[in-house]
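# What the coordinates show
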Amino acid sequence: MQRRNRVSWNPRSLPDQSGKTFVVTGANAGLGYFTSEQLAGTGAHVVLACRNLAKADAAAAAIRTRVPGASVSVLQLDVADLQSVREVSETLRALPRLDGLILNAGIVHPSTDRQVSLDGNELIFATNFLGHFALTAGSLMALRRTPGSRVVSLGSLISRLMDSSLDDLQLATTYNGWKAYAQSKIAMQVFGFELDRRLRANGAGMVQSLVAHPGYSISGLTPGIRSINEVSRGKRVIDGLQTAIGAQGKHHGAWSTVRAAIDPDAHGGDYFGPRLLTRGAPTRQSATRTSRDRAVAARLWERAETLINEPFL
């Protein structure tokens, strides 16, 4: 049975998280930046795990300016490079505590032509899903020793528009940019729910896995911040017209992720998204059938373990 949403949850007035540590991948722009800024505003220490250190430093500086007293640090991570993931996982395992691992980084605008990662995997799949699978596996030790820790996987509304049984992950001969993006996000949702089931089955229920989606969140409706979100006047006009079809800014899109990460009434296996599906305050929602399909999850898990060349649990 689906639990009732907490009526008192207010994304503009978040519970104190002082003393906690959260790691956000892809934190230098977009949803990742605003997720990090909002978590920093709760008093938590936020680690910005980003591929580009200069952009990560700029994001950290922006958060410190906008959130007086914010505690943030940066860590170089390329989720599309499994060696980078292994090195960062080692760093995360050494943290005294890890309260939340926010799997946010990703390629949002797919390329027309198929590309591959350094490890030879289709690039969107490698970036949006496989690197996060490996990072979670590598960081599990720190999560397990932190009471109440959570993993939050970033899904997408595209899972309601396109479906996939995830049988052709590499798309070697059938590549299409949007198909690749949809598969990667469906994989993230499948992973998030399967992770929660496996953690419970393995007696690691102290770590909870949740999934969130940001609705329809676009740059032109997002506050302008130098080096973070610099949008032309023309794009703001064009994006502004999309409010009629339910668009919102990325600062609001981050609300679902933040609620999944820190709402004391949230639990493993929960799925959060905007109340009006594309926009609004975050509420607990129902995921697609494929996202919770155990057979799809088992195949994805086995294939992912083979690709990272190590067992997850």
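Residues numbered from 1 in each chain as written. Predicted model: local features only at pLDDT ≥ 70, side-chain atom pairs only at ≥ 80, totals over all residues. Heavy atoms only, no water.

### Quick notes on the overall build of the chain
Along the backbone of the chain there are nine helices and ten strands. Compactness check: the chain gives a C-alpha radius of gyration of 18 Å against a globular reference of 20 Å for 313 residues, within 12% of the reference. Dimensions of the chain along its principal axes, counting C-alpha atoms only, are 45 × 45 × 45 Å. Per-residue burial for the chain yields a buried fraction of 58% across its 313 residues. For the chain, the share of sequence-separated contacts (at least 6 apart) that also reach a separation of at least 24 residues comes to 75%. (Helix = DSSP H or I, 4+ residues; strand = E, 2+ residues; numbered from the N terminus. Rg over C-alpha atoms; globule rule 2.2 N^0.38 Å. Buried < 20%, exposed > 50% of the residue type's maximum accessible area, 1.4 Å probe, protein only. Contact = heavy atoms within 4.5 Å.)

### Comments concerning helix α2 (residues 53-66)
Here α2 is 14 residues long and its end C-alpha atoms lie 20 Å apart, about the 20 Å a rise of 1.5 Å per residue gives. Within α2, the full set of buried residues consists of Ala56, Ala59, Ala60, Ala62 and Ile63. On an axial view of α2, the arc spanned by its buried residues comes to 160 degrees, and they lie on one face. Exposed and facing more than 90 degrees away from the buried side of α2 are Ala54 and Thr65. On the buried face of α2, the contacting elements are α1 (30-40), β2 (45-50) and β3 (71-76). (Expected span 1.5 Å × (residues − 1). Arc of directions from axis to C-beta.)

### Comments concerning the packing of aromatic side chains
Under the counting rule described, the total for this entry stands at twelve aromatic pairs. With a centroid separation of 5.5 Å and an interplanar angle of 35 degrees, the aromatic rings of Phe125 and Phe129 are classed as tilted. Of this pair, Phe125 and Phe129 are both found in helix α4 (residues 123-144), four residues apart, which corresponds to roughly one turn of the helix. With respect to class, Phe125 is no different from Phe129; both count as buried. Seen in terms of ring centroids, Phe193 and Tyr271 are 5.9 Å apart; in terms of plane orientation they differ by 70 degrees. Their pairing is edge-to-face. Here the residue Phe193 occupies a position in helix α6 (residues 177-201), and Tyr271 occupies one in strand β9 (residues 271-274), the gap between them amounting to 78 residues. (Phe/Tyr/Trp six-rings, centres within 6.5 Å; stacked < 30°, edge-to-face > 60°.)

### Regarding the pairing of strand β5 (residues 150-154)
Of all five residues in β5, five are buried, a share of seventy percent or more. In the sheet, strand β4 (residues 100-103) pairs with β5 via four bridges, with the strands oriented parallel. Note on β5: the bridge partner recorded for Ile102 is Val152. When β5 meets strand β6 (residues 208-212), the two strands line up parallel, connected through five bridges. Opposite Val151, over in β6, you have Ser209 as the bridge partner. (Pairing = 2+ DSSP bridges.)

### Considerations on the pattern of salt bridges
For the structure shown, the criterion picks out nine salt bridges. Salt-bridge contacts for Lys235 lead to Asp239; the nearest nitrogen and oxygen are separated by 3.2 Å. Remark: Asp239 and Lys235 occur in helix α7 (residues 233-240); sequence separation between them is four residues, near one turn of the helix. Residue Lys235 is classed as partly exposed on the basis of its relative accessible area of 38%. Classification of Asp239 by relative accessible area gives buried; the value is 3%. (Salt bridge = Lys/Arg side-chain N within 4 Å of Asp/Glu carboxyl O.)

### Brief notes about a nonpolar patch on the surface
A surface patch of nonpolar side chains, about 340 Å² in accessible area, is lined by Leu161, Met162 and Trp178. By the secondary structure assignment, Leu161 is in helix α5 (residues 158-161). (Patch = residues over 30% accessible without salt bridge, like charges linked within 9 Å, V, L, I, M, F, W, Y side chains within 5 Å. Areas by Shrake-Rupley, 256 points an atom, 1.4 Å probe, with all protein chains shown as cover.)

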